[in-house]
Amino acid sequence: MNASVTPSTVVPDADLYLPRMARILEILPMSAREKFLRLELPAPLGHRPGQFVMLSCLGIGEAPISISCGPRTDNILEVVIRDAGSLTHHIHGLKPGQYLGVRGPFGSGFDLEAWSGQHLLCVVGGLGLAPMRSLIQPVLANLESFSGFTLISGCRTPAEELYREEVRGWEQLAQGNSKVRVIRLVDRTDNQPWDGRVGLVTAPLHTLEMDPANTVVAMCGPPVMYKFVILELKARGLGDAQIHVDLERRMKCGVGKCGHCQINHVYCCQEGPVFRFDRIAHLAEALQ
Amino acid sequence: MKPKVAFFDFASCEGCQLAVLNCEDILLDLLALVDIVEFREAITGTAPYYDVAFIEGSINREQDAERLRDIRARSAVLVAMGACACIGNVQARSNFIAPAENFKRVYGSEERNQVQSDPEFWPLWAHTRVRAVREVVKVDYELRGCPLVPEEFVHLVKSLVAGTIPRFAAHAVCVECKMHENTCVFDRGDTCMGQITRGGCQAICITNGYRCDGCRGLVPNANMAAHLGLLQSKGLDNREIANRYRLFCSAEPLGRVGRSGHE
Amino acid sequence: MTAFLVSLDAVSAWIRHLACGQTLYFPQQSGQSGLRFLPVDNDSEIRFDGYQPSLAPPGKKLAPAEEPLFRYRVGTDGIPVIQPVLDASPRILAGVRPCDLRGIHLLDQVNQQGHPDPHYLTRRQQTVLIGCDCLTPCDEHCFCDAVGSLRWRENADLFLTRIDGQFLLEVQTEAGQRLVANQNFPACPDLAGLKAHIEAQRAKPFGRQWHADAGRIPGIVASQWSSPVWDKHVERCFSCGTCNLVCPTCYCFDVRDDFQIEDPSAGQRVRHWDGCMLPQFAQVAGGHDFRPAPAARQRHRVKRKFEYLNERCATTSFCTGCGRCGRQCTAGIDIFDIVNDLIDHAEVTP
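Predicted model, so just to flag it, every value in this text is computed and none were measured. (Residues numbered from 1 in each chain as written. Chains lettered and ligands numbered in written order. Predicted model: local features only at pLDDT ≥ 70, side-chain atom pairs only at ≥ 80, totals over all residues.)

Enquirer: It is not clear to me how the environment of V5(B) should be interpreted in this structure. Could you clarify?
Expert: Residues and elements named next belong to chain B. Within the element layout of this structure, V5 appears in strand β1 (residues 4-9). Looking at V5, the number of C-beta atoms within 10 Å reads 25, which means it is buried. Separated by 214 residues in sequence, V5 and V219 place their C-alpha atoms 29 Å apart. The contact partners of V5, leaving out residues within four places of it in the chain, are V34, D35, I36, V37, Y50, D51 and V52. (Helix = DSSP H or I, 4+ residues; strand = E, 2+ residues; numbered from the N terminus. Buried ≥ 20, exposed ≤ 12 C-beta atoms within 10 Å, placed from the backbone. Contact = placed C-beta atoms within 7 Å.)

Enquirer: Sorry if this is basic, but what is going on with helix α12 (residues 238-249) of chain B here?
Expert: Residue pairs spaced three or four apart in an α-helix point in one direction, given the helix's 3.6 residues per turn. Residue and element names in this part refer to chain B. Spanning 12 residues, α12 covers 17 Å between terminal C-alpha atoms, matching the ideal 16 Å at 1.5 Å per step. When α12 is considered as a whole, its buried residues turn out to be I241, A242, R244, Y245, R246, F248 and C249. Next to the buried residues of α12 lie α4 (83-87) and α11 (224-233). (Expected span 1.5 Å × (residues − 1).)

Enquirer: Looking at this model, I keep getting lost on the pairing of strand β7 (residues 119-125) of chain A. Mind explaining?
Expert: Side chains on a regular strand alternate between the two faces of the sheet. Residues and elements named next belong to chain A. A large share of β7 lies buried, amounting to seven of its seven residues. Covered by surrounding structure in β7 are H119, L121, V123 and G125 together with L120, C122 and V124, the residues of both alternating faces. Pairing of β7 with strand β8 (residues 148-155) involves seven bridges; the strand directions are parallel. For V124, the partnering residue across the bridge sits in β8 and is S153. Taken together, β7, helix α2 (residues 129-141) and β8 constitute a β-α-β crossover, and its handedness is right-handed. (Pairing = 2+ DSSP bridges. Right-handed = clockwise from strand over helix to strand, strands pointing away.)

Enquirer: Where do I start with the domain arrangement of chain A in this structure?
Expert: Often the size quoted for an interface is simply the accessible area lost on bringing the parts together. Residue and element names in this part refer to chain A. Domain parsing of chain A yields domain 1 (20-106) and domain 2 (112-246). On the domain 2 side, the residues contacting the 14 residues of domain 1 number 14 residues. Its residues assigned to classes, the side of domain 1 that touches domain 2 shows seven nonpolar, five polar and two charged. (Domains from an automatic or database assignment. Nonpolar A, V, L, I, M, F, W, Y, C, P; charged D, E, K, R; others polar.)

Enquirer: I tried to follow the nonpolar core on my own but got confused; where do I start?
Expert: General note: in soluble globular proteins, nonpolar side chains tend to be found buried as a group. If you look at the biggest cluster of nonpolar residues, it comprises 238 residues, and the most contacted ones within it are C122(A), A53(B), I55(B), V79(B) and I130(C). In this structure V79(B) touches V52(B), A53(B), F54(B), I55(B), D140(B), Y141(B), L143(B) and L156(B), once residues within four positions along its chain are discounted. (Core = buried A, V, L, I, M, F, W, Y, C linked by C-beta atoms within 7 Å.)

Enquirer: I'm lost on the sheet that holds strand β1 (residues 20-29) of chain A in this one. Help?
Expert: Strand-to-strand pairing in sheets goes through backbone hydrogen bonds, with the strands running parallel or antiparallel. Residues and elements named next belong to chain A. As summarised here, the arrangement of the six strands in space is β4-β3-β6-β1-β2-β5, forming an open sheet in which the pairing is antiparallel. Both outer strands of the open sheet, β4 (61-66) and β5 (76-82), are each paired with one neighbouring strand and no more. Strand after strand, the sheet turns through a mean of 40° between neighbouring axes, direction not considered. In the sheet, β1 pairs with strand β2 (residues 34-40) via six bridges, with the strands oriented antiparallel. Counted as the bridge partner of P29 is K35 from β2. (Axes fitted to C-alpha atoms, helices over the stretch in contact; angles between N-to-C directions.)

Enquirer: Just checking my understanding: could you explain the interface of chain B and chain A for this structure?
Expert: Opposite the five residues of chain B that make contact, chain A presents five residues. Taken together, the residues that form the side of chain B that touches chain A break down as two nonpolar, two polar and one charged.

Enquirer: Teacher, can you tell me more about the sheet that holds β8(A) here?
Expert: All names here are of chain A. Taken in spatial order, the seven strands make up an open sheet running β10-β9-β8-β7-β11-β12-β15, and their pairing is mixed. Each edge of the open sheet carries a strand with a single partner, namely β10 (197-198) and β15 (274-276). Here helix α3 (residues 164-175) sits on the sheet in contact with β8 and β9 (180-186), set at roughly 140° to β9.

Right, here's the structure in full:
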């Protein structure tokens with residue numbers, strides 16, 4: 001940063017905190033606690049996989065929400081909202097035709113170009129599938145750029161599974177394409193019907209066929225999952241620079257100003273929320 | 001349908017209901033949002049069901065507890081309103097004194113002996129303890145303070161009408177003192193409960209030249225040991241300290257040993 | 001640029017004159033003890049002696065305790081319309097001491113980095129700074145010299161130094177020049193000689209000093225994560241946030257929305273001060289708290305001032321040495337003592 005810049009020469013970003021209004025096209029229940037929303041923006045969002053938006057309901061509040069759709073040229077934004085607070089609870093009660101505020105896209109995102117020619121392994125826990133879908137969609141649409149794609153997606157119970165139909169579509173794709181593998185798990189079935197495996201996402205990693213030198217990993221889930229998955233990956237010979245994690249923090253601005261999302265000296269909303277693990281492995285607050 | 005709202009009072013001065021009525025500039029706007037079915041300070045009536053029940057006052061007698069449970073059973077949302085309902089307020093100080101001793105102080109020895117021996121007065125002995133509302137029934141929201149803060153009341157009503165979860169400060173009074181650029185009470189030569197007391201009051205007492213006596217109750221994880229040490233270092237004796245902590249929020253950082261110095 | 005030598009009476013009259021044209025904040029008593037940067041009016045007392053750091057630093061005039069980010073109204077078509085709110089009213093901050101000038105400089109850095117903050121910068125670009133030198137430490141909490149703030153004056157438009165009953169008034173910018181136009185202040189005859197004289201008059205050592213060279217401190221702070229020092233200084237901490245809220249370089253904020261009760265289709269989004277010492281500062285929806293322990297929060301605060309933010313802004317220290325946090329902490333916790341303890345601890349366990 002240039003410390004000699006004086007405020008008089010800096011042009012303020014007048015729109016920094018002003019949301020654009022997005023119309024709700026669809027709002028559908030997805031699982032016990034999550035709803036899926038398709039929104040129409042005034043202009044294309046122009047995001048990268050793994051970025052987030054600040055989503056708001058005027059008069060109620062604003063919160064960071066992962067973008068759940070792959071990059072697109074139209075004005076559509078898709079998100080998954082878990083009923084976890086005042087704002088998200090309110091959003092669950094909204095109807096098509098109503099409006100939400102959107103700022104962004106913000107954050108680093110996944111750098112797909114840098115992974116060209118490699119095998120991409122996505123490890124997902126619970127709600128982590130929502131942001132990971134923004135990566136999976138462009139990867140599956142552009143499979144020839146990768147030597148392969150594996151998804152290991154776990155959640156606690158069958159009732160908590162997200163994107164049920166779409167994930168089964170990916171599974172069908174895998175049946176006809178040896179480059180694609182999809183493994184679905186639940187921690188426990190809770191006596192509900194379940195057509196996937198039972199266990200933690202770390203279990204398949206023991207025996208998963210992979211070329212450690214030619215694999216990149218993208219992970220999205222709870223911090224405790226990261227700790228154990230990273231241990232497994234290291235045991236399989238992967239290095240920190242091959243692993244990418246998507247971290248959650250409290251964010252009130254999305255633009256590196258409010259101070260809430262700091263992980264040691266790193267601003268999660270600016271340098272993250274997606275990090276190459278070797279760049280944060282030394283930060284004590286990273287995987288808390 | 002406008003939400004049906006009711007106000008009930010138990011052991012209190014009813015000052016919180018008056019504080020609500022004193023929201024004159026917006027009272028009509030508030031009334032436009034809700035349908036008030038019971039309000040002892042303003043109207044009377046009964047209804048079988050309430051969307052929101054505001055409870056003012058502490059629960060002192062078993063018959064009060066029964067009445068409260070009945071209200072809870074008929075209410076979708078129950079709000080403890082004011083320090084009496086939230087933390088027992090000043091009347092909870094009597095919890096530190098044996099009931100017989102309280103009777104003696106208030107009515108004299110002779111009357112004390114009479115209420116102890118005459119079966120006609122035995123129901124009075126069911127009054128053994130002043131309780132906050134949450135000690136008797138589940139409380140959805142708390143409007144703290146003696147009296148409640150009108151802005152918080154309005155915020156709660158707006159949130160309930162909008163279907164959102166209201167937010168109340170969990171930080172110390174000090175935050176609002178700094179926002180108002182108040183001179184710290186300790187720098188004025190007095191002592192203060194602000195560091196361990198929940199904010200949300202805009203530090204109104206300190207802003208107006210007094211100190212914080214803790215009417216909004218303790219912050220979560222209040223550092224009582226540090227505060228006790230601070231009061232002791234300012235020369236307060238244990239009797240003064242016990243009175244300070246018990247005045248509103250029934251706190252006992254000194255422990256139960258050697259606490260006989262209360263007034 | 002130009003320098004004048006002006007009497008106290010003339011400086012006071014000039015400041016009153018400037019206050020007639022626009023809002024001018026100057027540190028004043030207002031009934032309660034302690035100084036506050038308040039607008040100067042006819043009843044104001046313009047005093048330079050007996051200065052103690054104001055309760056809130058003057059930089060807070062650029063980022064008030066609460067401010068609307070925008071207002072909105074839902075139109076008849078159901079589409080909300082956003083109305084931006086920016087405060088572009090001109091103002092003068094006068095009597096700003098070197099520590100607070102540097103505090104404003106550091107706030108400038110964070111607010112113009114990355115995404116330039118419109119609310120801060122709009123106010124800042126309409127603000128003229130009149131600095132005022134310190135020749136003696138304000139009190140026992142001062143350590144401005146130790147962190148390199150004492151001789152800071154770069155961002156002052158005008159800079160005053162009280163010497164031998166008069167004021168050296170240095171004009172540092174064109175905005176400053178406009179404020180002294182038509183004043184007919186007498187020029188300073190021997191600026192270099194007077195400045196040497198001023199340096200000779202300055203107290204030495206000036207305020208509290210570190211137990212190690214200032215240049216080593218970021219490294220020392222960075223090297224200590226699991227230090228007993230963090231636990232020691234948090235024992236008495238109330239997590240009340242005072243140290244954050246009175247700090248000239250704390251700028252964290254929270255945001256809340258509100259709608260009007262008389263017209264629920266209209267409302268505003270407001271940002272207000274927050275502080276990393278407050279519980280729940282790092283808590284996300286769903287309840288997980290990334291910094292639940294008071295000691296972890298205090299470590300974060302100290303590291304922000306001496307390690308994290310100086311790296312981001314290429315400066316030596318994000319602490320200005322004004323001493324407000326220690327002075328106003330009822331538990332007597334002082335960031336100066338914490339850092340010196342970290343230094344001592346590093347010496348014992350390298």
